[in-house]
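# Residue-level structure breakdown
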Amino acid sequence: MSTNRVILIHGLHQAAFVMRPLAKRLQAAGFTTNQFGYRSMRDSIKTNSKRLNTWLETHYNPDQPIDLVGHSLGGLIIRDFVAHYPQWQIGRCVTLGTPHNGSISADYIWRLLPAIVGRSYEQALDGTVAPLPKGIALGVIAGNKAQGLGQPILSYHNRKLRKTGNTLNHDSFAHDGTVYVSETEFAGATDHIVLPVTHTGMLMNKDVAQQVVYFLKNDEFKH
């Protein structure tokens, strides 16, 4: 079992407190947790990754192993952080609804109302985040319950694909209301699992928490 401290990182338009339900479930499973808050719109992924490093330096010693769990954009901050701050002893990482390949929802919004995604689009939600270093155990959780603020955008995009004669199977159009399942898939991941949850709802979901716990203990999900 992992005895590392687990750092929880929220997503776009959120604050650290949204990770509390997941944190409480991890604590009940025996983990010690902390929630890292950052300015998701005002600052770039590079700035927030640097601030995570500074925050860790204030609270921890690089010799202390840590696990990282990030929701949505928070997972991309994890990707950038582990790539640029190798002095930390990273045990395992889990991302929840993170668009590792870029976000079509964010792309539409960036072109129409860029202020809504702020500085989190470039080098992050645009799909150009840093590569994952070798030796990092990364578990990816995706949702396929299509409810949420991004649903109108993705429904429009799906209709557009079908009108252009796209022959992708039904699963290729699956999303969590904000992020496509296919956008969460990442070749460098250790394991990947899809659960019937929405993009935000996964933070309160017991099954998601159980899968996070299982990966942090075993380097794999319970399939």
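Here, every reference points to the structure presented above.
This section reports on the structure supplied with the text. (Residues numbered from 1 in each chain as written. Predicted model: local features only at pLDDT ≥ 70, side-chain atom pairs only at ≥ 80, totals over all residues. Heavy atoms only, no water.)

Next up on the list: the pattern of salt bridges. Enumeration over the complete set of coordinates arrives at 4 salt bridges. Among the salt bridges present, the one from D43 reaches R51, with a minimum N-O distance of 2.3 Å. The class of D43 is buried, set by a relative accessible area of 8%. Across the salt bridge formed by K46 and D80, the nearest N and O atoms sit 2.7 Å from each other. (Salt bridge = Lys/Arg side-chain N within 4 Å of Asp/Glu carboxyl O. Buried < 20%, exposed > 50% of the residue type's maximum accessible area, 1.4 Å probe, protein only.)

What follows covers the packing of aromatic side chains. Following the criterion strictly, the structure yields 5 aromatic pairs and no others. Seen from their ring centres, W55 and Y60 are 6.1 Å apart, and the 70° between their planes marks the pair as edge-to-face. Take W55 and Y60: they sit in the same class, and that class is buried. Ring centres of F81 and Y85 lie 5.5 Å apart, and the angle between their planes is 25°; this geometry places the pair in the stacked category. Taken as a pair, F81 and Y85 share a single burial class, namely buried. An aromatic cluster is built from F36, Y38, W55 and Y60, whose rings are joined through pairwise contacts. (Phe/Tyr/Trp six-rings, centres within 6.5 Å; stacked < 30°, edge-to-face > 60°.)

Let us look at unusual backbone geometry. With a phi close to 55°, S72 is a non-glycine residue in the positive phi region. In this structure, S72 sits in the loop between strand 3 (66-71) and helix 3 (73-84). Residue classification places S72 among the buried positions, given a relative accessible area of 8%. A positive phi angle is found at D219, which is not glycine, with a value near 65°. Tracing the chain through its elements places D219 in the segment after helix 8 (206-218). Under the relative-accessibility criterion, D219 is labelled partly exposed at 33%. (Helix = DSSP H or I, 4+ residues; strand = E, 2+ residues; numbered from the N terminus.)

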